[in-house]
Amino acid sequence: MAAAAPAAGAGPRVWAGTRRCFSRAAGSGLLAAERGHEPESRASSFCPPAHSCNDWIGPPDRHSNLRPIVFHIPKNESPLGRRLREFRQETQVWNQQFWASQNVSFRKGKEEFVYSRLKAKGLERKDETGQKITLSAEEMADFYKDFLSKNFKKHVCYNREWYKRNFTITFLMGQVAFERAWRRLGWKKTKVGN
């Protein structure tokens, strides 16, 4: 699904590279960037069109490999809805930071491992033709096993926190859905009674 063309004169910034976005959560109102807030992910300066009334999911962040989300802010957002949106934004930032850090650590460790193994074999990083020399899958398996062992506790803590956050988000989503249904039922009763 291609992203919608920006409104004339609106001048929104668009992610470089891909123009694909996927939306969800119908409603109407303003986006965080339109209310003077910057998107939570510092990975991009993306700003959806002013007329958008959905969450926008962008291309993968180059550090974390996660797709950042620009959350839609409805005009009549309830305090509970705001709490849910802000918690989702906070969770997104936390998740982006964890995986960006983890991926930097992984790449650095992998590079050091490959260099040390090549040095032990008396090889340079590149061959005579300029091609990068790689290690076999069996040799790299040693690195992957070691990396996972060293980061086991870190991953356990991440998973525990991830499940807590997802449970909280799911619980808040249920409360918001109940609140919306209650408001609709209350509005219908008033309308029927008149």
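Nothing here was measured: the structure is a model prediction, and the numbers come from that model.

Novice: So what about helix α2 (residues 137–150)? Which residues, and what values?
Specialist: In a regular helix each residue adds 1.5 Å, so 14 residues correspond to 20 Å; α2 covers 20 Å between its end C-alpha atoms and thus fits that length. Every buried residue of α2 is listed here: Glu139, Met140, Phe143 and Phe147. Along the axis of α2, the buried positions cluster into a sector of 95 degrees, meaning they face one direction only. In α2, the exposed positions that point more than 90 degrees away from the buried face belong to Ala137, Glu138, Lys145, Leu148 and Ser149. For α2, the elements touching its buried residues are α1 (79–120).

Novice: Give me the nonpolar core: which residues, what numbers.
Specialist: Counting 7 residues, the largest nonpolar core is built from Phe113, Val114, Leu118, Leu135, Met140, Phe143 and Phe147. Only α1 and α2 provide two or more residues apiece to this core. Those residues within four positions of Met140 in sequence are excluded, and the remaining contacts are Lys110, Phe113, Val114 and Leu135. Within the second largest apolar cluster, 6 residues are counted, among which are Leu80, Leu84, Phe87 and Ile169.

Novice: Lay out the packing of α1 against α2 with the relevant residues and their values.
Specialist: Angle between the axes and distance between the axes are the two parameters that describe a pair of packed helices. Packing of α1 against α2 leaves a shortest axis separation of 11 Å and a crossing angle of 140 degrees. Of the possible angle classes, the one that applies to α1 and α2 is oblique. In this structure, α1 crosses over α2, and the sense of that crossing is right-handed. Facing Gln102, Ser105, Phe106, Gly109, Lys110, Phe113, Val114 and Arg117 of α1, the residues of α2 in contact are Glu139, Met140, Asp142, Phe143, Tyr144 and Phe147. Tallied by class, the residues present in the contact of α1 with α2 amount to 7 nonpolar, 3 polar and 4 charged.

Novice: I'd like to hear about α1, residue by residue, with values.
Specialist: The first and last C-alpha atoms of α1 sit 61 Å apart over 42 residues, in line with the 62 Å expected at 1.5 Å per residue. Positive phi appears at Gly122, one or two residues downstream of α1, with a value of about 75 degrees.

Novice: Kindly report on the confidence of the model for the protein chain, identifying the contributing residues and their values.
Specialist: On average, the protein chain scores 77 in pLDDT, and the residues at 70 or more come to 72%. Considering each helix and strand of the protein chain separately, the mean pLDDT is smallest for strand β1 (residues 22–24), with a value of 37, and largest for α1, with 94. Predicted confidence for residues 1–43 stays below pLDDT 50, and this span has 92 contacts to residues more than four positions away or in other chains.

Novice: Break down the packing of aromatic side chains for me, with residues and values.
Specialist: One pair of aromatic rings is described through two measures. These are the centre distance and the angle between the planes. Applying the stated criterion to the full structure yields 14 aromatic pairs. With centroids separated by 4.2 Å and ring planes inclined at 15 degrees, the aromatic side chains of Phe98 and Tyr158 adopt a geometry described as stacked. Here the residue Phe98 occupies a position in helix α1, and Tyr158 occupies one in helix α3 (residues 152–193), the gap between them amounting to 60 residues. An angle of 5 degrees between the planes, with centres 6.1 Å apart, marks the rings of Phe106 and Tyr144 as stacked. Residue Phe106 is located in helix α1, and its partner Tyr144 is located in helix α2; the two are separated by 38 residues in the primary sequence. By relative accessible area, which is 25% here, Phe106 ends up partly exposed. Judged by relative accessible area, Tyr144 falls into the partly exposed class, the value being 35%.

What counts, and at which threshold
- Residues numbered from 1 in each chain as written.
- Predicted model: local features only at pLDDT ≥ 70, side-chain atom pairs only at ≥ 80, totals over all residues.
- Heavy atoms only, no water.
- Helix = DSSP H or I, 4+ residues; strand = E, 2+ residues; numbered from the N terminus.
- Expected span 1.5 Å × (residues − 1).
- Buried < 20%, exposed > 50% of the residue type's maximum accessible area, 1.4 Å probe, protein only.
- Arc of directions from axis to C-beta.
- Contact = heavy atoms within 4.5 Å.
- Core = buried A, V, L, I, M, F, W, Y, C linked by side-chain atoms within 4.5 Å.
- Axes fitted to C-alpha atoms, helices over the stretch in contact; angles between N-to-C directions.
- Parallel < 35°, antiparallel > 145°, perpendicular 65-115°, else oblique.
- Left-handed = near helix turned anticlockwise from the far one by under 90°.
- Nonpolar A, V, L, I, M, F, W, Y, C, P; charged D, E, K, R; others polar.
- pLDDT = per-residue confidence, 0-100.
- Phe/Tyr/Trp six-rings, centres within 6.5 Å; stacked < 30°, edge-to-face > 60°.

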